[in-house]
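# Results of the structural survey
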Amino acid sequence: MKVLLVNGSPHKNGCTNTALEEIAKTLKEEGIGAEIYYIGMKAVSGCRGCGACTQIGRCVINDDGVNEFVEKAKEFDGFIFGSPVHYASASGTITSFMDRVFFSAFMSGRGEVFSHKPAAAVASARRSGTTATLDQLNKYFTISEMPVISGRYWNMVHGHTPEEVKQDLEGMQNMRLLARNMAWHLKCLEA
């Protein structure tokens, strides 16, 4: 069993990654494989609404990793998407990325890549906007028939730097609990 964690921050080793690393570490302790996928700094185009994916079986935009991600996602049993908070919502990069990933997978008949696989969202913020970001990200999962995994509190961490995120003891504890809940769910599915 493997979980793919997606870093939607422009900072590869920033606050969002700090939360995802804690989750990955705990998943591995639970016997679940974990890999972090960094979207990167390359511009990700928004969905054009052209519908070409219904005809060609993938997104027509082919230069920013979306199609490669959908192919990679087939190998994984669960997903965690992480985003920093930008203006009280998810980053523009992860929003464009997820719009096209989920729309093209569904419209091209590859909805099985995600349907019935558990997913979670994680938000990192200096201060506020996390619940709006989590709500935004979780909607991709619910429309894709994916069970949403929670912690004991909203899946968020706070801090302006990775060091400050590590000092958010409650947030980091919830990242570990989220990982254990994901592991439990995957083990139940396997059983």
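Refer to the structure printed above.
Rules of the game
Residues numbered from 1 in each chain as written. Predicted model: local features only at pLDDT ≥ 70, side-chain atom pairs only at ≥ 80, totals over all residues. Heavy atoms only, no water. Helix = DSSP H or I, 4+ residues; strand = E, 2+ residues; numbered from the N terminus. Rg over C-alpha atoms; globule rule 2.2 N^0.38 Å. Buried < 20%, exposed > 50% of the residue type's maximum accessible area, 1.4 Å probe, protein only. Contact = heavy atoms within 4.5 Å. Areas by Shrake-Rupley, 256 points an atom, 1.4 Å probe, with all protein chains shown as cover. Lys, Arg positive; Asp, Glu negative; His and termini not counted. Charge placed at Lys NZ, Arg CZ, Asp CG, Glu CD. 1 Å grid on protein atoms, 1.4 Å probe; cavity = no way out; pocket = protein on both sides within 12 Å on 5 of 7 lines; lining within 4 Å. Points joined across faces, edges and corners; volume = space filled by probe spheres on them. Patch = residues over 30% accessible without salt bridge, like charges linked within 9 Å, V, L, I, M, F, W, Y side chains within 5 Å. Salt bridge = Lys/Arg side-chain N within 4 Å of Asp/Glu carboxyl O. Disulfide = S-S within 2.5 Å. Arc of directions from axis to C-beta. Right-handed = clockwise from strand over helix to strand, strands pointing away. Pairing = 2+ DSSP bridges.

## Description of the overall build of the chain
- The helix and strand tally for the chain stands at seven helices and six strands.
- Of the regular secondary structure in the chain, the N- to C-terminal order runs β-α-β-α-α-β-β-α-β-α-β-α-α.
- Computed over C-alpha atoms, the radius of gyration of the chain comes to 16 Å, within 12% of the 16 Å expected from 2.2 N^0.38 for 191 residues, which places it in the range of a compact globule.
- Overall, the chain is about 50 × 40 × 25 Å in size when its C-alpha atoms are taken along their principal axes.
- Put simply, the chain has 191 residues, and 52% of those count as buried.
- For the chain, restricting intrachain contacts to residue pairs at least 6 apart in sequence, the fraction spanning at least 24 positions comes to 75%.
- Accessible surface, the chain as shown: approximately 9100 Å² in total, 51% of it carbon and sulfur.
- Charged side chains in the chain number 20 positive and 20 negative. The centres of these two groups are separated by 2 Å.

## Brief notes about the side chain of Ser-115
- Note that Ser-115 resides in the loop between α4 (92-107) and β5 (119-125).
- For Ser-115, a relative accessible area of 18% translates into the label buried.
- In contact with Ser-115, other than residues within four places in its own chain, are Ser-144, Glu-145 and Met-146.

## A word on the layout of surface pockets
- Computed from the structure, the largest pocket encloses a volume of approximately 330 Å³.
- In terms of lining residues, the largest pocket is bounded by 20 residues, among which Pro-84, Val-85, Arg-126, Gly-159 and His-160 are the most central.
- Of all the elements in the fold, those that place two or more residues in the lining of the largest pocket are α1 (15-29), β3 (78-86) and β5.
- With three residues, β3 is the single largest residue contributor to the lining of the largest pocket.

## Examining the environment of Phe-69
- Turning to its location among the elements, Phe-69 is positioned in helix α3 (residues 66-73).
- Along the primary structure Phe-69 and Ile-39 are separated by 30 residues, whereas in three dimensions their C-alpha atoms are 9.2 Å apart.
- For Phe-69, the residues in contact, after removing those within four places along its chain, are Leu-4, Val-6, Tyr-37, Phe-81, Phe-97, Val-101 and Phe-114.

## Things to note about a nonpolar patch on the surface
- Taken together, the side chains of Phe-103, Phe-106 and Met-107 make up a nonpolar region of the molecular surface, amounting to roughly 290 Å² of accessible area.
- Relative accessible area serves as the criterion here: at 58%, Phe-106 is assigned to the exposed category.

## Comments concerning the state of the cysteines
- Summed over the entire model, instances satisfying the criterion amount to zero disulfides.
- A disulfide-free cysteine, Cys-53 has its sulfur positioned 6.5 Å from the sulfur of Cys-50, the nearest such atom.

## What about α3?
- Within α3 the residues assigned to the buried category are Val-66, Asn-67, Phe-69, Val-70 and Ala-73. Down the axis of α3, the buried side of the element spans an arc of 160 degrees, and every buried residue falls inside it.
- Where α3 is buried, its residues touch β1 (2-7), β2 (33-38), β3 and α4.

## Details of the pairing of β1
- Summarising burial for β1: five of the six residues are buried, a large majority.
- Handedness of the crossover is the feature at issue here: the chain leaves β1, passes through α1, returns alongside β2, and the resulting connection is right-handed.
- Two strands pair when backbone bridges link them, and β1 and β3 are joined in this way by five bridges, in the parallel orientation. Across the sheet, Leu-5 pairs through a bridge with Ile-80, a residue of β3.

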